[in-house]
Amino acid sequence: MAEGRGFVLAPKERWNFADNQLECIEGVYKVTYNWDGANFTLVDSSKCHGGYGHYQNGTWKWFFPLESKDKPFWEFKKQQQNKMVCTSIQYKSPLTWEEKQEEGDNRKVSKVDGGKDHPRGHSGDEWELGGSVPSELAFFGVMFSRSQILMETLIERRKRNYQRCNAFTPNESVKPMICINCAEGDLCICCSERHGGYSGRFCKACAPRRNFCAKCGDSLGQGPKAGGFLCDRHGYGNLNANCCRMKF
């Protein structure tokens, strides 16, 4: 079990480490977690969707118990050159962090790849670790606000009521794009059926939303994306001449 004192610091967030606890004293989510060398657990489990972490043999896992106790919300594995690589994430694209040793006990953790489609509001891509805070523990602090923002955005997304725009669109100049999550399973833009390869299009009114997912409405940002297509029911015959953007 870790002992000593230290900190995990970003420009708008600070966690202090002491007595086997990591406490957020600056930032949006002011919470305290216990640490036993493997488990990162809330002192008050009613906060922050009850999120907790588990670390073992170079693997970090994060759980939101109301979502799933069996499948982690995200998982990272430590690879060579002190990189923490995301091997699975339930929402948005994976990312990679790298830790570098600084002067004395200080270390720096930086995002080096991925996560370009993650919503704004988390505490940043550059973190400083100081004192005797273990890197295994500190990484949960690094990912904490990002995990909360991702979960809160996902909850908001699930509340949306979608309806196809359906405006007649003779021009095919604006092709629909979909996000990494909506691209899974090759689903139709307008329903949960597998698409049939029918091309979609955006009308003039929806064209300014070309940088948003045609299916869920999330911003595509600079993250991974794919072309969207329609199924037989929504794209056959003249149906693919109607705008396919799902509005909410």
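Residues numbered from 1 in each chain as written. Predicted model: local features only at pLDDT ≥ 70, side-chain atom pairs only at ≥ 80, totals over all residues. Heavy atoms only, no water.

### Observations concerning the nonpolar core
Ranked by internal contacts, the top residues of the largest apolar core, which has 41 residues, are W15, W74, F76 and W97. Tallying contributions element by element places helix α1 (residues 135-158) first for this core, with 11 residues. (Core = buried A, V, L, I, M, F, W, Y, C linked by side-chain atoms within 4.5 Å. Buried < 20%, exposed > 50% of the residue type's maximum accessible area, 1.4 Å probe, protein only. Helix = DSSP H or I, 4+ residues; strand = E, 2+ residues; numbered from the N terminus.)

### Regarding α1
With 24 residues, α1 extends 34 Å from end C-alpha to end C-alpha; this agrees with the ideal 34 Å at 1.5 Å per step. Approximately 40° is the largest bend angle found in α1, and it occurs at F144. Counting buried positions along α1 gives 19 out of 24 residues, so the element sits mostly inside the fold. (Expected span 1.5 Å × (residues − 1). Bend = angle between axes of the 7 residues up to and from the residue.)

### What to know about the environment of F63
Relative to the elements of secondary structure, F63 occurs in strand β7 (residues 59-63). On a C-alpha basis, the gap between F63 and Y52 in space is 5.5 Å, while along the polypeptide they are 11 residues apart. Among all residues touching F63, those that are not within four sequence positions of it are G50, G51, Y52, S68, K69, D70, K71, P72 and F73. (Contact = heavy atoms within 4.5 Å.)

### As for the sheet that holds strand β12 (residues 126-131)
Backbone hydrogen bonds hold the strands of a sheet together, and the pairing may be parallel or antiparallel. Strand order around the closed barrel formed by 12 strands is β1-β2-β3-β4-β5-β6-β7-β8-β9-β10-β11-β12, with antiparallel pairing between neighbours. Each strand axis lies, on average, 20° off the axis of its neighbour in the sheet, ignoring direction. Here strand β1 (residues 5-10) pairs with strand β2 (residues 13-18) via six bridges, running antiparallel. In the sheet register, V8 faces β2, and the bridge partner there is W15. Across the sheet, α1 touches β1, β2, β3 (21-26), β4 (32-35), β5 (39-42), β6 (52-56), β7, β8 (74-79), β9 (83-89), β10 (95-101), β11 (107-114) and β12, and the angle it forms with β7 is around 35°. (Pairing = 2+ DSSP bridges. Axes fitted to C-alpha atoms, helices over the stretch in contact; angles between N-to-C directions.)

### Focus: the pattern of salt bridges
Tallied over the full model, the rule gives 11 salt bridges. When the shortest N-O distance is used, the salt bridge between K92 and D218 registers 3.1 Å. Of this pair, K92 sits in the loop between β9 and β10 while D218 sits in the loop between β15 (198-199) and β16 (225-227); the two residues are 126 residues apart in sequence, bridging distant segments of the chain. The same class applies to K92 and to D218, which are both buried. Of the charged contacts in the structure, one is a salt bridge between E156 and R160, with a shortest N-O distance of 2.9 Å. It is possible to trace a salt-bridge network through shared partners that takes in K92, E156, R157, R160 and D218. (Salt bridge = Lys/Arg side-chain N within 4 Å of Asp/Glu carboxyl O.)

### Observations regarding the packing of aromatic side chains
This model, assessed by the stated rule, comprises 24 aromatic pairs. The interplanar angle of 85° and the centroid separation of 6.5 Å between the aromatic rings of W97 and F139 together place this pair among those described as edge-to-face. With W97 in strand β10 and F139 in helix α1, this residue pair connects regions lying 42 residues apart in the sequence. Per residue, the accessibility class of W97 equals that of F139, and both read buried. The cationic tip of R160 hangs over the ring face of F248; the distance from NZ or CZ to the ring centre is 4.6 Å. Lying over the aromatic face of F212, R209 brings its terminal NZ or CZ to 3.8 Å of the ring centre. (Phe/Tyr/Trp six-rings, centres within 6.5 Å; stacked < 30°, edge-to-face > 60°. Lys NZ or Arg CZ within 6 Å of the ring centre and 35° of its normal.)

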